[in-house]
Amino acid sequence: MRLRPFSLALASPLRTAREELTEREGFLVAVGGPKADGEAFGDARTTGIGEATPLPGWTESLPACEAALREAAAEPTRQGAVLADLDARETPAARHGLALALDDAAARDAGRSLAAHLAERVRRVDRSELPEPAGSVPVNATVGDGAPESTAAAAERAVEDGYRCLKVKAGARTLEEDLDRLRSVRQAVGPAIALRVDANGAWNRSSARRALDRLEPLDPAYVEQPLPAADLAGTADLRAASDVPIALDESLAERSVEAVLDSDAADVLVIKPMALGGPDRALDAALRARENGVDPVVTTTIDAVVARTAAVHVASAVPDVLPCGLATAELLSSDLAADPCAIDGGRIEVPDGPGLADGTFDGLL
Ligand SMILES: O=C(O)CCC(=O)c1ccccc1C(=O)O
Ligand SMILES: [Mg+2]
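Residues numbered from 1 in each chain as written. Chains lettered and ligands numbered in written order. Predicted model: local features only at pLDDT ≥ 70, side-chain atom pairs only at ≥ 80, totals over all residues. Heavy atoms only, no water.

- As recorded in an unreviewed UniProt entry, the protein goes by o-succinylbenzoate synthase and comes from Halorubrum glutamatedens.
- UniProt, in the comment section headed Function (unreviewed entry), describes the protein in these words: "Converts 2-succinyl-6-hydroxy-2,4-cyclohexadiene-1-carboxylate (SHCHC) to 2-succinylbenzoate (OSB)."
- The protein has a UniProt comment under Sequence similarities (unreviewed entry) that states "Belongs to the mandelate racemase/muconate lactonizing enzyme family. MenC type 1 subfamily." (UniProt positions renumbered as here; feature names shortened; annotations may be inferred.)

## Regarding the packing of helix α7 (residues 205–215) against helix α8 (residues 232–241)
How two helices pack is summed up by the angle between their axes together with the distance between the axes.
Then, in step 1: The geometry of α7 relative to α8 is characterised by a closest axis approach of 11 Å and an angle of 25° between their N-to-C directions. Accordingly, the angle class assigned to the pair α7 and α8 is roughly parallel. As α7 packs across α8, the resulting crossing turns out to be right-handed. Across the interface between the two elements, R205, A208, R209 and L212 of α7 pack against A233, G234, L238 and A241 of α8.
Then, in step 2: A per-class count over the contact of α7 with α8 returns five nonpolar, one polar and two charged. (Axes fitted to C-alpha atoms, helices over the stretch in contact; angles between N-to-C directions. Helix = DSSP H or I, 4+ residues; strand = E, 2+ residues; numbered from the N terminus. Parallel < 35°, antiparallel > 145°, perpendicular 65-115°, else oblique. Left-handed = near helix turned anticlockwise from the far one by under 90°. Contact = heavy atoms within 4.5 Å. Nonpolar A, V, L, I, M, F, W, Y, C, P; charged D, E, K, R; others polar.)

## A closer look at α7
Then, in step 1: Those residues of α7 not exposed but buried are S207, A208, A211, L212 and L215. For α7, the angular spread of buried residues about the axis comes to 135°, placing them on one side.
Then, in step 2: Against α6 (175–189), β7 (194–198), β8 (222–224), α8 and β9 (246–248) lie the buried residues of α7.
Then, in step 3: Its side-chain oxygen at 3.1 Å from the backbone nitrogen of S206, N204 defines the N-terminal cap of α7. (Buried < 20%, exposed > 50% of the residue type's maximum accessible area, 1.4 Å probe, protein only. Arc of directions from axis to C-beta. Polar contact = N/O pair within 3.5 Å; in protein donor to acceptor, adjacent residues only side chain to side chain.)

## Digging into the nonpolar core
Then, in step 1: Formed by 94 residues in total, the largest nonpolar core has its most connected members in L166, L269, I271, V306 and L326.
Then, in step 2: Among the elements that make up this core, the one with the highest residue count is helix α13 (residues 305–316) (seven residues).
Then, in step 3: No fewer than three residues from each of domain 1 (2–111) and domain 2 (136–364) sit in this core.
Then, in step 4: What V306 contacts, discounting residues up to four positions off in sequence, is L28, I49, G50, E51, L100, L356, F361 and L364.
Then, in step 5: Counting residues in each nonpolar core, the second largest holds 22 residues, with A72, A99, A101 and L102 among its members. (Core = buried A, V, L, I, M, F, W, Y, C linked by side-chain atoms within 4.5 Å. Domains from an automatic or database assignment.)

## Some thoughts on the sheet that holds strand β11 (residues 295–298)
Then, in step 1: Within the open sheet, the seven strands sit side by side as β5-β6-β7-β8-β9-β10-β11. Their pairing is parallel. Unpaired on one side and paired on the other, β5 (141–143) and β11 mark the two borders of the sheet. Pairs of neighbouring strands in the sheet enclose a mean axial angle of 25°, with direction left out of account.
Then, in step 2: Across two bridges, β8 lies against β9 in parallel orientation. Counterpart to E224 in the pairing with β9 is A247.
Then, in step 3: Against the sheet, helix α12 (residues 279–291) contacts β10 (268–271) and β11, and its axis sits at roughly 175° relative to β10. (Pairing = 2+ DSSP bridges.)

Take a look at the structure:
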């Protein structure tokens, strides 16, 4: 197993109610196959590439991720056993990095795409009904916080580019200001475009109630994380009191998938493979949500190309998935490699070669 640290700047800061995201740092992970000097770097026959890009609030810190990966890398072989030692709740990004590398290698070994490999494992273990992965997945455009004019302009550009679903950040301003922004967006794009609003946990029980009442005339497809991550009871009450659908995101980093589903607080679960500890765990969570009548939406954590491509594979394995938050490549100012997933007409293409993208990332480390 080998590691390569990386750091990528965002093209422009992504402002949310929580923070201003300006750069993404993480590690590429390689397992198996021959190194340049001929020595094997793991026990897999085929090379596999993964990525661990932590984001505090959803995952462990960068130092905690690095420590977990370096400990795993100190064991030269038997990476499957090492994977079991990486705790998906303590160090989800580190586990994501190694789990993805191992599944990329296994999928390439079997001559099928990562999506087909993940789906096949689900079928084998417990769900025989899962159909073949889709060849493309609908996506939403991600629009950060900004003034009403710039928010509406970004929304309009996205619609011109073919997006039919927009996700707009809110909660960083007063409710009146956010309503101004979102009204401008609705007016700019018309009634046929799905509009999601992500508050990133900014409101409290009474301000969230007011926000949902005032947002309802703008016909939002859902409001994401209206209340702090741990307040599942408050969110369940809010959901019962409003016709606006509710999505939960940060709550899944704070509580288990079962606890969130049991709380009846969500119409939609936002499935971030990096936060859930790997593509395998993300697909499992998405299918469990579906079984419970909750719609999964798969998104990145603004990752580099390797993890982003993995999230596209996960989404494609979810039958008839809603638009997903996977169109985040353009938020980065540069990337580690060319993007294998073209976006056209509001859909992202799923690479159909073996593994993640037929070995196109092998040269990266
Ligand atoms: O869902 C999307 O459109 C993209 C992903 C996204 O918004 C996001 C990216 C990084 C960190 C947090 C979030 C979020 O959904 O809150
Ligand atoms: Mg969110």
